[in-house]
Amino acid sequence: MHKLTKPDHVWKKELTPEQYHVLREKGTEEAFSGKLWNHKEKGKYYCAACQSELFTSGEKFDSGCGWPSFTQPEHKEAIEEHMDTSHGMVRTEVTCAKCGGHLGHVFNDGPKPHGLRFCINSASLHFKK
Ligand code: FE
């Protein structure tokens with residue numbers, strides 16, 4: 001995939017402070033605080049920074065964790081996974097393959113058949129019907 005890189009000051013101008021914190025500084029919004037954790041409309045979820053297509057409503061499920069949760073990305077190539085050992089935990093970080101923006105983490109406690117829960121910050125997503 002073609003990589004999109006922009007200097008920090010440009011991201012800072014283009015993103016809201018919360019989006020910048022989550023996407024560029026690997027922040028996490030508070031559980032149940034985001035605009036999309038309980039969002040149920042049919043449509044697609046895009047990267048809030050670069051508009052790359054990431055997830056669809058068909059893969060979204062009620063995980064009860066307080067963040068938008070998906071069983072899989074729309075296309076595997078749209079995301080990248082990285083080992084994250086911050087905060088005294090070993091987790092798998094999920095980033096946007098195009099712009100490198102932090103999206104959230106993927107856990108192994110999702111529903112069958114994939115068994116995955118992509119736990120994604122609302123701040124990293126842009127929804128379109
Ligand atoms: Fe992106």
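Novice: Which parts of the structure should I look at to understand the overall build of the protein chain?
Specialist: Scanning the protein chain for helices and strands turns up 2 helices and 9 strands. Along its sequence from the N terminus, the protein chain presents helices and strands in the succession α-α-β-β-β-β-β-β-β-β-β. A compact globule built from 129 residues would reach a C-alpha radius of gyration of about 14 Å, and the protein chain, at 14 Å, matches this within 12%. The dimensions of the protein chain, computed from C-alpha atoms along their principal axes, are 40 × 40 × 30 Å. Burial analysis of the protein chain (129 residues in total) assigns 47% to the buried set. For the protein chain, the proportion of contacts with a sequence separation of at least 24, taken over those separated by at least 6, is 53%. For the protein chain, the exposed area adds up to about 7,200 Å²; of that, 52% sits on carbon and sulfur atoms.

Novice: Before we go on, may I ask you to explain the nonpolar core in this structure?
Specialist: Generally speaking, nonpolar side chains in soluble globular proteins are found buried as a group. In terms of nonpolar packing, the biggest core is built from 24 residues, with Cys 47, Leu 54, Phe 55, Leu 103, Phe 118 and Leu 125 touching the most fellow members. Setting aside anything within four residues of it in sequence, one finds Leu 103 in contact with Leu 23, Leu 54, Ile 79, Val 94, Thr 95, Cys 96, Cys 119, Ile 120, Asn 121 and Ser 124.

Novice: In this structure, what is going on with the coordination of the iron ion? I would like to understand it.
Specialist: A four-donor tetrahedral metal ideally has 109.5 degree angles, and a six-donor octahedral metal ideally has angles of 90 or 180 degrees. Here the iron ion is held by Cys 47 (SG), Cys 50 (SG), Cys 96 (SG) and Cys 99 (SG), and the distances to it run 2.3 Å. Note that the iron ion binds 4 donor atoms; their angles at the metal cover 100 to 116 degrees, and the shape is tetrahedral. Read in sequence order, the donor residues for the iron ion give the motif C-x2-C-x45-C-x2-C. Pair noted here: Cys 50 is in the loop between strand S1 (44-47) and strand S2 (53-56) and Cys 99 is in the loop between strand S6 (91-96) and strand S7 (102-107), with a separation of 49 residues, a long-range link. In this structure Cys 50 comes out as buried when scored by relative accessible area, which is 10%.

Novice: Help me understand the side chain of Thr 56, please; the structure alone is not making it clear to me.
Specialist: Within the secondary structure layout, Thr 56 lies in strand S2. The residues touching Thr 56, leaving out its near neighbours within four places in the chain, are Gly 43, Lys 44, Tyr 45, Phe 70 and Glu 74.

Novice: It is not clear to me how the packing of aromatic side chains should be interpreted in this structure. Could you clarify?
Specialist: Aromatic rings in a pair are described by how distant their centres are and how their planes are angled relative to each other. A complete count under the given rule lists 5 aromatic pairs for this structure. The interplanar angle of 15 degrees and the centroid separation of 4.2 Å between the aromatic rings of Phe 55 and Phe 70 together place this pair among those described as stacked. Remark: Phe 70 occurs in strand S4 (residues 69-70) and Phe 55 occurs in strand S2; sequence separation between them is 15 residues. On the accessibility criterion, Phe 55 (0% relative accessible area) is buried. A ring pair is formed by Phe 55 and Phe 118, whose centres lie 6.0 Å apart and whose planes are at 55 degrees; its orientation type is tilted. Here Phe 55 is found in strand S2, whereas its partner Phe 118 is found in strand S8 (residues 117-120), with 63 residues between them in sequence. One exposure class covers both Phe 55 and Phe 118, and it is buried. In this structure, Lys 6 is placed above the aromatic ring of Trp 11, and the distance from its NZ or CZ to the ring centre is 4.9 Å. Positioned above the aromatic ring of Tyr 46 is the side chain of Lys 128, whose terminal nitrogen or guanidinium carbon lies 4.7 Å from the ring centre.

Procedures and definitions
- Residues numbered from 1 in each chain as written.
- Predicted model: local features only at pLDDT ≥ 70, side-chain atom pairs only at ≥ 80, totals over all residues.
- Heavy atoms only, no water.
- Helix = DSSP H or I, 4+ residues; strand = E, 2+ residues; numbered from the N terminus.
- Rg over C-alpha atoms; globule rule 2.2 N^0.38 Å.
- Buried < 20%, exposed > 50% of the residue type's maximum accessible area, 1.4 Å probe, protein only.
- Contact = heavy atoms within 4.5 Å.
- Areas by Shrake-Rupley, 256 points an atom, 1.4 Å probe, with all protein chains shown as cover.
- Core = buried A, V, L, I, M, F, W, Y, C linked by side-chain atoms within 4.5 Å.
- Donors = N, O, S within 2.8 Å, 3.2 Å for Na, K, Ca; no water.
- Tetrahedral: all angles 85-135°; square planar, octahedral: opposite > 155°, others 65-115°.
- Phe/Tyr/Trp six-rings, centres within 6.5 Å; stacked < 30°, edge-to-face > 60°.
- Lys NZ or Arg CZ within 6 Å of the ring centre and 35° of its normal.

Read these as layout, nothing more, since geometry by itself doesn't imply function.
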